[in-house]
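Next come the chains, spelled out residue by residue.
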Amino acid sequence: MRSCDVLVLGAGAAGLFAAGEAARRGRRVVVIDHAARPGEKIRISGGGRCNFTNFATGPDRFLSENPRFAVSALSRFTARDFVARIDAAGIAWHEKAAGQLFCDGSARQVTDMLVGGLREGGAELWLSTAVETVERGAEGFRVRTAQGEVAARAVIVATGGKSIPKMGATGLGYRIAQSFGLRVTETRPALVPLTFADQDLAGVRPMAGVSLPARIAVGKTAFDEPLLFTHRGLSGPGILQISSYWREGEEIEADLLPSTDLARALAALRGQSGRQALHTALAGFLPDKVAAWSVARAGLSGRLADQSNARLDQLAGAVHRWRIKPVGSEGYRTAEVTLGGVDTAALDARTMQARTVPGLYFIGEVVDVTGWLGGYNFQWAWSSAWAAGQAV
Ligand code: FDA
């Protein structure tokens, strides 16, 4: 039987980084993944440029049953600490929207940096090797894999969540946690497009492909980010963000023109160019198709000059307060992340070690810490991996 000090399960963002950190500290490390290549999600992230962190990282950018859990790891290995690694590797980057950092070149540079780091430390990377079970052994753990059993003093579970099964997501980490008696919170697809019932789709389908700035809210939570109409419902950054907060049966409210008082603007225009059709006037503020659909939804027609203030208020309501009840989401097939995971109450916030199972660690997406869109999920992967890497 092969043996090592630290066996890392999963060669994604968290697993690769933790392995490099543990190897730097002189640990004999083996990383196992059933995929043929490491870092598959890094490769496709950020449209191929990997939004690898966000300078606005803080616990308020994460969802968890215990939002304070992430504080320790995030403050001990920060966005700036990761940027220092990126700089040291000579990877050029830029800040896109406020705080969001992307590679100038390709996301592969990040994977190459991580794999280079673990190889420098002498860690082994076993690819195309499925992990089957993890059990307690005489001194640590025995892990059954497609390439035989491995004995390890410590095991770091970095197998990610359930999102995008086509890319290798299996939910194995949750089963490992449960087999050791650790609780797993409810899991659901997050950062995911929302879908509509057929009767609602009929109205929005002609706008598929149209994107516009919006303010999207569920209850008291709101995001000012673009919305995209799709053939199945809604997507775009604002919808992905709100999907982490939305639950079946709830309505979302979208303000399709958040920076304008539409009723006032149209009333002013009525005095100057009242002869134009109402939907033409509205198309001065919104994409054509959205303007025509909004006028129809408000039950109005005719020229701008024919509209009373009350009717303009009615139209403004349809634009500023569009309420819709999605029936579901596109699910794990397209979700960027999994909400929920290994209960943080079962883990030590400083080390990511299971409180009741010395030597067993959980890091990255498998833990019940889920970031907003914008580089926060990778930062959680780096921070939690660093914490475990210093402790094993
Ligand atoms: P990750 O999923 O990366 O790695 C888990 C590894 O475990 C995989 O390599 C998998 O093959 C392996 N594994 C699973 N089951 C196994 C088994 N049974 N046996 C062996 N191996 C197994 N985030 C962000 O911050 N910025 C961004 O730009 C993006 N962009 C983005 C785009 C898209 C399309 C997606 C789907 C996701 C993102 N994300 C993102 C989210 C980000 O990719 C995610 O949060 C991290 O990859 C999580 O890192 P982990 O290492 O925890 O899991």
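What counts and how
Residues numbered from 1 in each chain as written. Predicted model: local features only at pLDDT ≥ 70, side-chain atom pairs only at ≥ 80, totals over all residues. Heavy atoms only, no water. UniProt positions renumbered as here; feature names shortened; annotations may be inferred. Axes fitted to C-alpha atoms, helices over the stretch in contact; angles between N-to-C directions. Helix = DSSP H or I, 4+ residues; strand = E, 2+ residues; numbered from the N terminus. Parallel < 35°, antiparallel > 145°, perpendicular 65-115°, else oblique. Left-handed = near helix turned anticlockwise from the far one by under 90°. Contact = heavy atoms within 4.5 Å. Near = heavy atom within 4 Å. Polar contact = N/O pair within 3.5 Å; in protein donor to acceptor, adjacent residues only side chain to side chain. Areas by Shrake-Rupley, 256 points an atom, 1.4 Å probe, with all protein chains shown as cover. Buried < 20%, exposed > 50% of the residue type's maximum accessible area, 1.4 Å probe, protein only. Pairing = 2+ DSSP bridges. 1 Å grid on protein atoms, 1.4 Å probe; cavity = no way out; pocket = protein on both sides within 12 Å on 5 of 7 lines; lining within 4 Å. Points joined across faces, edges and corners; volume = space filled by probe spheres on them. Nonpolar A, V, L, I, M, F, W, Y, C, P; charged D, E, K, R; others polar.

- The name an unreviewed UniProt entry assigns to the chain is NAD(P)/FAD-dependent oxidoreductase, from the organism Albidovulum sediminicola.
- In its Cofactor (unreviewed entry) section, the UniProt entry covering the chain states "FAD".

## Description of the packing of helix H11 (residues 288-297) against helix H12 (residues 309-320)
And then number 1: Interaxial distance between H11 and H12 falls to 9 Å at its minimum, and their mutual angle equals 120°. The angle between H11 and H12 falls in the class oblique. Of the two elements, H11 crosses H12, and the hand of that crossing is right-handed. Contact residues: H11 offers Ser294, Val295 and Arg297, while H12 offers Leu315, Ala318 and Val319.

## Examining the UniProt feature "domain: RsdA/BaiN/AoA(So)-like Rossmann fold-like" (unreviewed entry) in the chain
And then number 1: Mapped onto the present numbering, the UniProt feature "domain: RsdA/BaiN/AoA(So)-like Rossmann fold-like" (unreviewed entry) falls at residues 5-390.
And then number 2: In this annotation, residues 5-390 is assigned 32% helix and 22% strand; the end-to-end C-alpha distance for the span is 13 Å.

## A closer look at the UniProt feature "domain: RsdA/BaiN/AoA(So)-like insert" (unreviewed entry) in the chain
And then number 1: As annotated in UniProt, the feature "domain: RsdA/BaiN/AoA(So)-like insert" (unreviewed entry) corresponds to residues 188-337 in the numbering used here.
And then number 2: Along residues 188-337, the helical share is 35% and the strand share 21%, with 9 Å between the first and last C-alpha atoms.

## Here we look at the site of the ligand
And then number 1: The immediate surroundings of the ligand are formed by 30 residues, with Ala14, Asp33, Thr170, Glu365 and Phe378 found nearest.
And then number 2: In this structure, Val131 approaches the ligand through a main-chain N or O atom, which is 3.2 Å from a nitrogen atom.
And then number 3: Taking Gly375, its main chain carries an N or O atom lying 3.5 Å from an oxygen atom of the ligand.
And then number 4: Burial of the ligand by the protein chains amounts to 92% of its free accessible area of 1000 Å².
And then number 5: Taken together, the elements giving at least two residues each to the shell around the ligand come down to helix H1 (13-24), helix H2 (40-44) and helix H13 (376-391).

## Some thoughts on the environment of Ser273
And then number 1: Along the polypeptide, Ser273 turns up in helix H9 (residues 262-273).
And then number 2: Looking at Ser273, the relative accessible area reads 28%, which means it is partly exposed.

## Thoughts on unusual backbone geometry
And then number 1: Positive phi values are uncommon outside glycine, yet Cys50 reaches one of about 55°.
And then number 2: In this fold, Cys50 is placed in the loop between H2 and strand S3 (51-54).
And then number 3: The phi angle at Ser128 is positive, at roughly 50°, despite the residue not being glycine.
And then number 4: With respect to the helices and strands, Ser128 occurs in the loop between strand S7 (124-126) and strand S8 (131-137).

## Side note on the sheet that holds strand S19 (residues 322-324)
And then number 1: Within the open sheet, the four strands sit side by side as S15-S14-S18-S19. Their pairing is antiparallel. In the strand order of this sheet, the two ends are held by strand S15 (221-224) and S19, each with one partner. On average, each strand axis in the sheet is tilted by 20° relative to the strand beside it, whichever way the strands run.
And then number 2: On the sheet, H12 packs against strand S18 (252-255) and S19 and is oriented at approximately 115° with respect to S18.

## A short note on the side chain of Ser64
And then number 1: You can see Ser64 is positioned in the loop between strand S4 (62-63) and helix H3 (71-76).
And then number 2: Judged by relative accessible area, Ser64 falls into the buried class, the value being 17%.
And then number 3: Among the polar contacts listed, one links the side chain of Ser64 to the backbone nitrogen of Asn66, at a separation of 3.1 Å.
And then number 4: Within polar-contact distance, the side chain of Ser64 engages the backbone oxygen of Asp368 at 2.7 Å.
And then number 5: Other than its neighbours up to four places away in sequence, Ser64 contacts Thr344, Asp368 and Val369.

## Looking at the layout of surface pockets
And then number 1: In this structure, the second largest pocket spans a volume of roughly 260 Å³.
And then number 2: Lining the second largest pocket we find 13 residues, and of these Glu21, Arg24, Arg85, Met113 and Gly117 sit closest to its centre.
And then number 3: Only H1, helix H4 (79-88) and helix H5 (108-120) provide two or more residues apiece to the lining of the second largest pocket.
And then number 4: For the lining of the second largest pocket, the class distribution of residues is seven nonpolar, two polar and four charged.

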